[in-house]
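Residue strings, one per chain:
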Amino acid sequence: MSKEHLISDTMTMSGRVMKHSLRSVDTIITTILTPIMLMLAFVYIFGSAMTMDKAEYVNFIVPGVLLMCIGMGISYTAVRVNMDMTRGIFDRFHSMPIAKSSILGGHVISTLLLNLLSVAAVILISFLMGFRPHANFVEWLLAVGMILITIFAFTWMAVAFGLMAKSYEGASVFSYLLMGLMFVSSAFVPTNNMGSKLRAFAENQPMTPLAESVRSLLAGQPNYGDLLTAVIWLVGIGILFYLISMKVYKKRMK
């Protein structure tokens, strides 16, 4: 099968998923409005309990809210993949003369595009709330690159959970894992305010270097140690769950 045919099939499958997502009010509320509401709550309610002033806390919390936004966005990927699998949509597509890899590829590409849309919306609102990054052009590119890699890696995790779950309720549990890791990290509060055991866990799981690397890039003071650690985590997660997804997909489609 030609490369052009593969690309066109993947774009067609991606368009199908995007149409379903953009027509879903529930998806739009969860992936765009909920992170914005959380940012408002953290800044104007919980932010008063922080030692840093509001403007400083807005700059601190934006990377965490972006991660939360991504987590909520890809949680729908697990559900959509599971519904396509359990309702026989994948079987129907397999009977058609299309590139078989485009079926999962469409879910991945659409998730990437939809998450970029929600991330852009959150960043726009954060500017209205006083977010003032000091990143130069290269640092912005690196920050956007980190966001893209994060979406891509965790999307494959969502695909794997969606394929393995027996129902869409089970697939939706996937999001709680990511949310738990985000809250027990430096995404919303500095880890030095945590207890020793909790701090040790927070500093040795992927969400903290992810939040810290994006935060340092947007602040114009890149921490390349956190950046390297985050990239290693993301590459490992992406490769692992891509392989798991392919294995489960081939087994279930026999």
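Residues numbered from 1 in each chain as written. Predicted model: local features only at pLDDT ≥ 70, side-chain atom pairs only at ≥ 80, totals over all residues. Heavy atoms only, no water.

Time to look at the pattern of salt bridges. Under the counting rule described, the total for this entry stands at three salt bridges. When the shortest N-O distance is used, the salt bridge between arginine 199 and glutamate 203 registers 2.9 Å. The salt bridge involving glutamate 212 is made with arginine 215; its shortest N-O contact spans 3.0 Å. Placement of the pair is glutamate 212 and arginine 215 together in helix H10 (residues 207–218), with a separation of three residues, close to one helical turn. Owing to a relative accessible area of 10%, arginine 215 belongs among the buried residues under this scheme. (Salt bridge = Lys/Arg side-chain N within 4 Å of Asp/Glu carboxyl O. Helix = DSSP H or I, 4+ residues; strand = E, 2+ residues; numbered from the N terminus. Buried < 20%, exposed > 50% of the residue type's maximum accessible area, 1.4 Å probe, protein only.)

Over its 29 residues, helix H11 (residues 224–252) runs 41 Å from end to end, which matches the ideal 42 Å to within 8%, given 1.5 Å per residue. For H11, the side-chain oxygen to backbone nitrogen distance between the N-cap and glycine 225 is 3.1 Å, and the N-cap itself is asparagine 223. (Expected span 1.5 Å × (residues − 1). Polar contact = N/O pair within 3.5 Å; in protein donor to acceptor, adjacent residues only side chain to side chain.)

Let's shift gears to the nonpolar core. In summary, soluble globular proteins display a tendency toward joint burial of nonpolar side chains. Phe90, Phe154 and Leu163 are the most contacted members of the largest nonpolar core, which totals 70 residues. Secondary structure elements with two or more residues in this core: helix H2 (25–44), helix H3 (54–86), helix H4 (89–94), helix H5 (101–128), helix H6 (137–164), helix H8 (174–183), H10 and H11. A total of 16 residues in this core trace back to one element, the largest contributor, which is H3. Setting aside residues up to four positions removed in sequence, phenylalanine 154 forms contacts with Ile74, Phe174, Leu178, Met207, Leu210, Leu234 and Ile237. (Core = buried A, V, L, I, M, F, W, Y, C linked by side-chain atoms within 4.5 Å. Contact = heavy atoms within 4.5 Å.)

Running from N to C, H5 and H6 point in directions that differ by 135°, and their axes come no closer than 9 Å. Judged by the inter-axis angle, H5 sits oblique to H6. Between H5 and H6 lies a crossing of right-handed hand. The segment H5 lies against H6, with Leu104, Val108, Thr111, Leu112, Asn115, Leu116, Val119 and Phe127 engaging Trp140, Ile147, Leu148, Ile151, Phe152, Thr155, Trp156, Val159 and Leu163. Grouping the constituent residues of the contact of H5 with H6 by class yields 14 nonpolar, three polar and no charged. (Axes fitted to C-alpha atoms, helices over the stretch in contact; angles between N-to-C directions. Parallel < 35°, antiparallel > 145°, perpendicular 65-115°, else oblique. Left-handed = near helix turned anticlockwise from the far one by under 90°. Nonpolar A, V, L, I, M, F, W, Y, C, P; charged D, E, K, R; others polar.)

Here the focus is the packing of aromatic side chains. The final tally for this structure, using the stated rule, is seven aromatic pairs. An angle of 85° between the planes, with centres 5.7 Å apart, marks the rings of phenylalanine 90 and tyrosine 249 as edge-to-face. With phenylalanine 90 in helix H4 and tyrosine 249 in helix H11, this residue pair connects regions lying 159 residues apart in the sequence. Assigned by exposure class, phenylalanine 90 and tyrosine 249 land together as buried. Here the aromatic cluster, defined as three or more aromatic residues joined through ring pairs, consists of Phe152, Trp156 and Tyr242. Here arginine 215 stacks its cationic end above the ring of phenylalanine 60, 3.8 Å away from the centre of that ring. (Phe/Tyr/Trp six-rings, centres within 6.5 Å; stacked < 30°, edge-to-face > 60°. Lys NZ or Arg CZ within 6 Å of the ring centre and 35° of its normal.)

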